[in-house]
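One-letter residues, chain by chain:
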Amino acid sequence: MTDLTRPHVPDQTPARNPAWLIPMLIAATIVSGILSLLFGPAHLSATALWAGLTGHGDPVVRAILLQLRMPRALLGLLIGAMLGASGGAMQGYLRNPLADPGVLGVSSVAALGAVIVIYWRLADAHPLVLPMIAIAGALIALLPLAWLSRRGESTLSLVLAGVAVGTLGSAGISLALNLAPNPFAAMEITTWLLGSLEDRSYADVWIALPCVILGLALLLWDGRALDALSLGEDAAQTLGVDLARTRLRLMLGIAIGIGGAVAVAGSIGFVGLIVPHLIRPLTDRSPSAILIPSALAGAVLLTVADLGTRTIPSATPLKLGVLTAFLGVPVFVHHLLRERRLW
């Protein structure tokens, strides 16, 4: 399988990207956030937006802006950043162009935890039960992988273990749908699995925020180690990389960040897969160089996709996970054909 990353040794000059790349992505992130506040079923003008942000204007407009759209925009940026950075880290670490957080099974088991809560209606006891169980599911998915990491198993062993864990999570979700006590329970589970940022509040933001911050911090910590791993595991060890600790930090970062994202938004695919492919040609292709750009581009992509669910005419509201899949597949195929890689 062809490596995606150009070998980059940690002791050499740090990876450099074009000077315009980060500022451009920051500007795009800000613009996408503003557009998310402006557009929706009730269109708001820039004047109304400014008045609402400064505490003036129509109280109804302020309620729409601050209570409905602001949490949704913030969650789109946070979750998109986590998905994008996770995909970049996984593709660099596994040296696999098809890698994303789902490779480790974290998303599936986190979703299974949430499905269990929905199935047994445990969320009726307290609103925080759903996100807490979803995060716990992500951490449980991490346990066999952490055990393999401590034993010093190869990357292939981690991939195979992740596939097994993810398959088990998917089987559990299918079982819950099969045994759902009534059609309404099955519909609720299915709707949640499609992924959405609709009707989210600041409580959801406070759930996702610490998970995303901690997850991103752990992923960025090992940027230079990922560069060394592009030379292969043996070469990375020769350069002084502690493979077990690097794996553990990466898996913890992905589990915590993705667990928090799934808890709040449900299952959203393809963002972590396609964003690094969009960003990589604009960088020097070293893993550390694409982490921050992938986080910013992921934030933009998910926010724009969520904006599309509100503005594309349809009889019923589109789900975010469905739209990201429709966006992701053609983009991924386009880059596959353009690069002509022998995967």
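Above this text you will find the structure in question.
Overview of the structure. (Residues numbered from 1 in each chain as written. Predicted model: local features only at pLDDT ≥ 70, side-chain atom pairs only at ≥ 80, totals over all residues. Heavy atoms only, no water.)

**Side note on the overall build of the protein**
From N to C terminus, the protein includes 14 helices and zero strands. Relative to the 2.2 N^0.38 estimate, which gives 20 Å for 343 residues, the radius of gyration of the protein is 20 Å and therefore close to what a compact globule would have. Sorting the 343 residues of the protein into buried and exposed places 52% on the buried side. Long-range pairs, those at least 24 residues apart, make up 80% of the contacts in the protein between residues at least 6 apart in sequence. Accessible surface for the protein amounts to roughly 15,700 Å². Of this, 70% is attributable to carbon and sulfur atoms. The averaged location of the 18 negative side-chain charges in the protein is 4 Å from the averaged location of its 21 positive side-chain charges. (Helix = DSSP H or I, 4+ residues; strand = E, 2+ residues; numbered from the N terminus. Rg over C-alpha atoms; globule rule 2.2 N^0.38 Å. Buried < 20%, exposed > 50% of the residue type's maximum accessible area, 1.4 Å probe, protein only. Contact = heavy atoms within 4.5 Å. Areas by Shrake-Rupley, 256 points an atom, 1.4 Å probe, with all protein chains shown as cover. Lys, Arg positive; Asp, Glu negative; His and termini not counted. Charge placed at Lys NZ, Arg CZ, Asp CG, Glu CD.)

**Here's the deal with the nonpolar core**
Of all hydrophobic cores here, the largest spans 78 residues; its most connected members are Ile79 and Trp192. In terms of residue count, helix α11 (residues 243–265) provides more of this core than any other element does, twelve residues in total. Those residues within four positions of isoleucine 79 in sequence are excluded, and the remaining contacts are Leu197, Ala261, Val264, Ala265 and Leu302. Leu37, Leu38, Leu49 and Met70 belong to the second largest nonpolar core, which has eight residues in total. (Core = buried A, V, L, I, M, F, W, Y, C linked by side-chain atoms within 4.5 Å.)

**As for the pattern of salt bridges**
Considering all chains together, one arrives at six salt bridges under this definition. For glutamate 188, the salt bridge is made with arginine 121, and the minimal N-O distance between the two is 3.5 Å. Placement of the pair is glutamate 188 in helix α7 (residues 183–193) and arginine 121 in the loop between α4 (106–120) and α5 (129–150), with a sequence separation of 67 residues. Using a relative accessible area of 37% as the deciding quantity, one classes glutamate 188 as partly exposed. Take arginine 121: its relative accessible area is 48%, and that puts it in the partly exposed class. For the salt bridge of aspartate 306 with arginine 310, the shortest nitrogen-to-oxygen distance reads 3.3 Å. On the criterion of helical spacing, the pair formed by aspartate 306 and arginine 310 is a turn pair, its members being four residues apart in helix α13 (residues 287–311). Taken as a pair, aspartate 306 and arginine 310 share a single burial class, namely buried. Ionic contacts of the salt-bridge type, sharing partners, join the residues Arg72, Asp306 and Arg310 into one network. (Salt bridge = Lys/Arg side-chain N within 4 Å of Asp/Glu carboxyl O.)

**Quick notes on helix α3 (residues 59–94)**
In this model α3 runs 51 Å from its N-terminal to its C-terminal C-alpha over 36 residues, within 8% of the 52 Å that 1.5 Å per residue would give. In terms of residue burial, α3 counts as a mostly covered element, since 26 of its 36 residues are buried. A side-chain oxygen of the first residue of α3 lies 2.9 Å from the backbone nitrogen of valine 60; this N-cap is aspartate 58. In the stretch just after α3, arginine 95 is the one whose phi turns positive, near 55°. (Expected span 1.5 Å × (residues − 1). Polar contact = N/O pair within 3.5 Å; in protein donor to acceptor, adjacent residues only side chain to side chain.)

**Overview of the environment of leucine 74**
Note on placement: leucine 74 falls in helix α3. On the accessibility criterion, leucine 74 (33% relative accessible area) is partly exposed. On a C-alpha basis, the gap between leucine 74 and glycine 33 in space is 7.6 Å, while along the polypeptide they are 41 residues apart. Not counting residues up to four positions away in its chain, the partners in contact with leucine 74 are Tyr202 and Val205.

**A closer look at the environment of serine 196**
Tracing the backbone through its elements, the reader meets serine 196 in the loop between α7 and α8 (202–221). Taking the C-alpha atoms as reference, serine 196 lies 20 Å from aspartate 100; in sequence the two are 96 residues apart. Setting aside residues up to four positions removed in sequence, serine 196 forms contacts with Val264, Ala265, Lys319 and Leu320. A polar side-chain atom of serine 196 sits 3.0 Å from the main-chain amide nitrogen of glutamate 198.

**Concerning the side chain of arginine 69**
Within the fold, arginine 69 resides in helix α3. Lacking a salt bridge, the buried arginine 69 has aspartate 306 as its closest oppositely charged neighbour, with an N-O distance of 9.3 Å. Look past the residues within four positions of arginine 69 in its chain and what remains in contact with it is Ser36, Leu37, Leu38, Phe39, Gly40, Pro41, Ala42, His43, Leu44, Ile64 and Arg310.

**Things to note about the environment of leucine 282**
Summarising the element assignment, leucine 282 is placed in the loop between α12 (271–279) and α13. With 67 residues separating them in the primary sequence, leucine 282 and glycine 215 have C-alpha atoms 24 Å apart.

**What about the packing of α3 against α13?**
Contact pair α3 / α13: the axes reach a minimum separation of 6 Å and the direction vectors enclose 140°. Taken together, the axes of α3 and α13 lie oblique to each other. As for how α3 packs across α13, the hand of that crossing is right-handed. A breakdown of the residues in the contact of α3 with α13 according to their chemical character gives twelve nonpolar, nine polar and four charged. (Axes fitted to C-alpha atoms, helices over the stretch in contact; angles between N-to-C directions. Parallel < 35°, antiparallel > 145°, perpendicular 65-115°, else oblique. Left-handed = near helix turned anticlockwise from the far one by under 90°. Nonpolar A, V, L, I, M, F, W, Y, C, P; charged D, E, K, R; others polar.)

**Points about the packing of aromatic side chains**
Aromatic rings considered in pairs are described by the distance between their centres and by the relative angle of their planes. In total, this model carries one aromatic pair according to the counting rule given. Seen from the ring of tryptophan 221, arginine 249 lies directly overhead, with NZ or CZ sitting 4.8 Å from the centre. (Phe/Tyr/Trp six-rings, centres within 6.5 Å; stacked < 30°, edge-to-face > 60°. Lys NZ or Arg CZ within 6 Å of the ring centre and 35° of its normal.)

**Comments concerning the side chain of serine 86**
Secondary-structure assignment places serine 86 in helix α3. Leaving out residues up to four positions away in the same chain, serine 86 has contacts with Pro101, Leu219, Ile254 and Ile258.

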